Amino acid sequence: MGKNVDITKVVRQHADMENFFTGGFAVRGQRGRREQIEISEVADNVTGEFENNQNDKPAGDIKIELEKIADEVRCCRKCGLGSLRTNAVPGEGKANAQIVFVGEGPGADEDAQGRPFVGRAGKLLDKIITGCGLNRSDVFICNILKCRPPGNRDPGAEEIISCLPYLQRQIELINPDVIVALGAHAARTLLDTNKSIGQLRGQFHEYYTGIGRAAIKLMATYHPAYLLRNYSQDNRRKVWEDMKKVLAELDLPIPERGKK
Ligand code: SF4
C-alpha cells in the first residue's frame, strides 16, 4: 500500500481537520488541490496511492461489473420506490476502493442528480473524507436503498429486503478493507442487529460477503445528516475517533489534530 505523503496533502489534512473541529461548514473552495479525477474515470486508475491490496480482480473488470449493477438499479422496480424516484442512485467511486461508505438512502439532492451524498450531508461527508487525507475519488460511496423514500422517511423493511442484494453485490465486487456504515439504518442492516448506533459505533465489527470469504471490517459511525442536526464538539470528536480507527486499520497517516 502506498504511503507517499506530500506536504500539500498534509497541510490540507490539517486545514480540513481544524475546520471540522471548529465547526466550519464551508465547502473547501479549492476542493481537489490534488488533481481531481472524474468519478467515472477513477476506476481506470489502478496504480493510485490507495490501492486495494486484497482484491484479486483488475479494477477495470470490477468497474464493468459495477456498471452492470448500476444499470440494473436504474431499471429496477422491485419495490414501490422505483415508481417514485426521479433518478436511482446506485453509488459511485473507485472500483477497487479500500473504503466503502454506506449510508441509508438518497435524499432530494441525490434523487435529482442520481449521485450519492451530494447535498448538505454529502458536503460534510466530503469534509470528513478530506480531513482523513483522502479524496472522494479514493473511496466508494453508496446507500442501503438506491431510490429515495418519499419525504426522506425511514426505509421500510420490504424495501430494504428488495434492495439489499444490489449493495451486497457491490461490496462483494469491491471487496474493500473497511466498510464505514453511516448511521443506524446502514449499521443495523449490514450487521443484522437492532442495537443503537451509540452501541455500535467506535469499534470494528465483521461483515461477511459469503462462505469461505474473509470478513470485512466494518466501522459504524454517525450519519453526516445526524451530525448536521447535532453539530456538537462531542459528536464531531466521536466521528473522528471512529475515522482514526479506520485510518489506523488501513495503515494510513492520521492527521495531527486527530491524534489528540
Ligand atoms: S429502492 Fe432498490 S429495490 Fe426498490 S426500486 Fe429502487 S433499486 Fe429497486
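Because the structure is a prediction, the values reported are computed rather than measured. (Residues numbered from 1 in each chain as written. Predicted model: local features only at pLDDT ≥ 70, side-chain atom pairs only at ≥ 80, totals over all residues. Heavy atoms only, no water.)

**Describing the sheet that holds strand S1 (residues 92–93)**
And then number 1: Read from one edge to the other, the open sheet built from 6 strands follows the order S1-S3-S2-S4-S6-S5, with strand pairing classed as mixed. Looking along the sheet, the strands with just one partner apiece sit at the ends: S1 and strand S5 (204–207).
And then number 2: Looking at chain direction, S1 and strand S3 (residues 140–143) are connected through 2 bridges and run antiparallel. Residue pairing in the sheet places Gly93 in a bridge with Phe140 of S3. (Pairing = 2+ DSSP bridges. Helix = DSSP H or I, 4+ residues; strand = E, 2+ residues; numbered from the N terminus.)

**What to know about the environment of Arg236**
And then number 1: By secondary structure assignment, the location of Arg236 is in helix H10 (residues 233–249).
And then number 2: You can call Arg236 buried: its relative accessible area is 5%.
And then number 3: At 3.1 Å, the side chain of Arg236 and the side chain of Gln233 are in polar contact. (Buried < 20%, exposed > 50% of the residue type's maximum accessible area, 1.4 Å probe, protein only. Polar contact = N/O pair within 3.5 Å; in protein donor to acceptor, adjacent residues only side chain to side chain.)

**Re the packing of aromatic side chains**
And then number 1: Counted according to the given criterion, the structure contains 1 aromatic pair.
And then number 2: Ring geometry for Tyr222 versus Tyr226: centroids 4.8 Å apart, planes at 35°, classification tilted.
And then number 3: The ring of Tyr166 is capped by Lys78, whose NZ or CZ atom sits 4.6 Å from the centre of that ring. (Phe/Tyr/Trp six-rings, centres within 6.5 Å; stacked < 30°, edge-to-face > 60°. Lys NZ or Arg CZ within 6 Å of the ring centre and 35° of its normal.)

**A few points about the nonpolar core**
And then number 1: Grouped together as the largest cluster of nonpolar side chains are 63 residues, with contacts concentrated most on Phe101, Val102, Leu190 and Met243.
And then number 2: The leading source of residues in this core is helix H6 (residues 157–174), at 8 residues.
And then number 3: With near-sequence residues (within four places) excluded, Phe101 lies in contact with Leu125, Ile129, Val139, Phe140, Ile141, Cys142, Val180, Leu182 and Met243. (Core = buried A, V, L, I, M, F, W, Y, C linked by side-chain atoms within 4.5 Å. Contact = heavy atoms within 4.5 Å.)

**Things to note about empty space enclosed by the protein**
And then number 1: Applying the stated rule across the entire model yields 4 cavities of 30 Å³ or more.
And then number 2: What the largest cavity holds in volume is close to 90 Å³.
And then number 3: What lines the largest cavity is a set of 14 residues, and nearest its centre among them are Cys76, Cys79, Cys147, Cys163 and Tyr166.
And then number 4: Ranked by the residues each element gives to the lining of the largest cavity, the list is headed by H6, at 3 residues.
And then number 5: Taken together, the residues of the lining of the largest cavity sort by class into 8 nonpolar, 2 polar and 4 charged. (1 Å grid on protein atoms, 1.4 Å probe; cavity = no way out; pocket = protein on both sides within 12 Å on 5 of 7 lines; lining within 4 Å. Points joined across faces, edges and corners; volume = space filled by probe spheres on them. Nonpolar A, V, L, I, M, F, W, Y, C, P; charged D, E, K, R; others polar.)

**A short note on the packing of helix H3 (residues 59–75) against H6**
And then number 1: As a packed pair, H3 and H6 sit with axes 10 Å apart at the nearest point and diverge in direction by 175°. With respect to each other, H3 and H6 are oriented roughly antiparallel. For the pair formed by H3 and H6, the contact residues are Ile62, Glu65, Leu66, Ile69, Glu72 and Val73 on the first element and Tyr166, Arg169, Gln170, Leu173 and Ile174 on the second.
And then number 2: Residues belonging to the contact of H3 with H6 are distributed by class as follows: 7 nonpolar, 1 polar and 3 charged. (Axes fitted to C-alpha atoms, helices over the stretch in contact; angles between N-to-C directions. Parallel < 35°, antiparallel > 145°, perpendicular 65-115°, else oblique.)

**Let's talk about the environment of Gly122**
And then number 1: With respect to the helices and strands, the residue Gly122 is situated in helix H5 (residues 120–131).
And then number 2: C-alpha separation for the pair Gly122 and Ala225, spaced 103 residues apart in sequence, amounts to 8.3 Å.
And then number 3: Each residue touching Gly122, except ones within four places of it in the same chain, is listed here: Phe117 and Arg136.

**Here's the deal with the layout of surface pockets**
With a probe scaled to a water molecule rolled over the atoms, the places where space remains empty come into view.
And then number 1: There is about 570 Å³ of room inside the largest pocket.
And then number 2: As for the largest pocket, its lining consists of 26 residues, of which Glu104, Gly105, His223, Ala225 and Arg229 are closest to the centre.
And then number 3: Counting only elements with at least two residues in the lining of the largest pocket, the list comes to helix H4 (108–113), H5, helix H7 (184–191) and helix H9 (224–229).
And then number 4: Its residues assigned to classes, the lining of the largest pocket comprises 10 nonpolar, 8 polar and 8 charged.

**Some thoughts on the pattern of salt bridges**
Should the charged atoms of two oppositely charged side chains come close, the side chains can pair.
And then number 1: Evaluated as defined, the whole model comprises 12 salt bridges.
And then number 2: Residue Glu65 pairs with Lys68 through a salt bridge whose shortest N-O separation is 3.3 Å. Of this pair, Glu65 and Lys68 both sit in helix H3, 3 residues apart, roughly one helical turn.
And then number 3: For Lys68, a relative accessible area of 44% corresponds to the partly exposed category.
And then number 4: Note that Lys238 is salt-bridged to Asp234, the shortest N-O span being 3.3 Å. Within this pair, Lys238 and its partner Asp234 are both found in helix H10, separated by 4 residues, close to a single helical turn. (Salt bridge = Lys/Arg side-chain N within 4 Å of Asp/Glu carboxyl O.)

**Some points on the site of the ligand**
And then number 1: Around the ligand sit Cys76, Lys78, Cys79, Gly82, Arg85, Lys146, Cys147, Ser162, Cys163 and Tyr166, and that is every residue in its neighbourhood.
And then number 2: Judged by the proximity of its atoms to the pocket grid, the ligand belongs to the largest cavity.
And then number 3: The residue makeup of the shell around the ligand, split by class, is 5 nonpolar, 2 polar and 3 charged. (Near = heavy atom within 4 Å. Sits in = over half its atoms within 2 Å of the grid points.)

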